[in-house]
Amino acid sequence: MCMAALSVARELLRHGLVDRVRLLSYPGTVGEGKKLFPSDMPVALEPISAVQFSNGVVALEYAAGRV
């Protein structure tokens with residue numbers, strides 16, 4: 001995710017303007033980067049679904065709430 005998109009996503013979450021969060025988790029990702037959910041910004045996420053593909057990628061969907 002580019003830095004501008006990350007900033008927009010954080011602000012939308014911070015103001016409670018997000019209903020669903022969809023993430024793709026790739027195996028073998030290494031290194032560090034900016035966190036989508038920093039520790040000073042708690043977000044309540046309720047799992048809705050998780051689908052694993054044959055290449056190891058997992059599609060995750062959460063309902064976003066407010067903490």
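As shown above, the structure is provided for reference.
Just so you know, these numbers come straight off a predicted model, no measurement behind them.

## Some words on a nonpolar patch on the surface
Then comes step 1: Among the surface-exposed residues, L24, Y26, V51 and F53 lie close enough to one another that they form a single nonpolar patch of about 400 Å² accessible area.
Then comes step 2: Positionally, Y26 belongs in the loop between strand 1 (20-25) and strand 2 (44-52).
Then comes step 3: Of the residues examined, Y26 reaches a relative accessible area of 48% and is grouped as partly exposed.

## Thoughts on the sheet that holds strand 1
Then comes step 1: An order of 1-3-2 is seen for the 3 strands of this open sheet, with the pairing classed as antiparallel. Looking at the sheet topology across the chains shown, the edges are occupied by strand 1 and strand 2. Across the sheet, the mean angle separating the axes of adjacent strands is 20° when strand polarity is ignored.
Then comes step 2: In this structure, strand 1 lies alongside strand 3 (residues 58-65), joined through 6 bridges in antiparallel fashion. Across the sheet, V21 pairs through a bridge with Y62, a residue of strand 3.

## A word on the environment of K35
Then comes step 1: Topologically, K35 is positioned in the loop between strand 1 and strand 2.
Then comes step 2: C-alpha of K35 to C-alpha of A59: the two residues are 24 residues apart in sequence and 18 Å apart in space.
Then comes step 3: Dropping the residues within four chain positions of it, K35 is found in contact with L6 and R10.

## What about the side chain of R10?
Then comes step 1: Mapped onto the elements, R10 comes out in helix 1 (residues 3-14).
Then comes step 2: Of the side chains with opposite charge, D40 lies nearest to the buried R10, which makes no salt bridge, at 7.2 Å.
Then comes step 3: Ignoring any residue separated from it by four or fewer positions in sequence, one finds R10 in contact with K34, K35, L36, P38 and M41.

## Comments concerning the nonpolar core
Then comes step 1: Ranked by size, the top nonpolar core spans 5 residues in total: L13, V18, V21, M41 and Y62.
Then comes step 2: Y62 has contacts with D19, R20, V21, L23, L45, E46, P47 and I48, leaving out every residue within four places of it along the chain.

## With respect to the pattern of salt bridges
Then comes step 1: In total, this model carries 3 salt bridges according to the counting rule given.
Then comes step 2: For the salt bridge of E11 with R14, the shortest nitrogen-to-oxygen distance reads 3.3 Å. Residue E11 and its partner R14 are located together in helix 1, separated by 3 residues, close to a single helical turn.
Then comes step 3: Overall, the relative accessible area of 41% leaves R14 in the partly exposed class.
Then comes step 4: Taking the shortest distance from any N to any O, the salt bridge between E61 and R20 comes out at 3.0 Å.

The rules behind each value
Residues numbered from 1 in each chain as written. Predicted model: local features only at pLDDT ≥ 70, side-chain atom pairs only at ≥ 80, totals over all residues. Heavy atoms only, no water. Patch = residues over 30% accessible without salt bridge, like charges linked within 9 Å, V, L, I, M, F, W, Y side chains within 5 Å. Areas by Shrake-Rupley, 256 points an atom, 1.4 Å probe, with all protein chains shown as cover. Salt bridge = Lys/Arg side-chain N within 4 Å of Asp/Glu carboxyl O. Helix = DSSP H or I, 4+ residues; strand = E, 2+ residues; numbered from the N terminus. Buried < 20%, exposed > 50% of the residue type's maximum accessible area, 1.4 Å probe, protein only. Pairing = 2+ DSSP bridges. Axes fitted to C-alpha atoms, helices over the stretch in contact; angles between N-to-C directions. Contact = heavy atoms within 4.5 Å. Lys, Arg positive; Asp, Glu negative; His and termini not counted. Core = buried A, V, L, I, M, F, W, Y, C linked by side-chain atoms within 4.5 Å.

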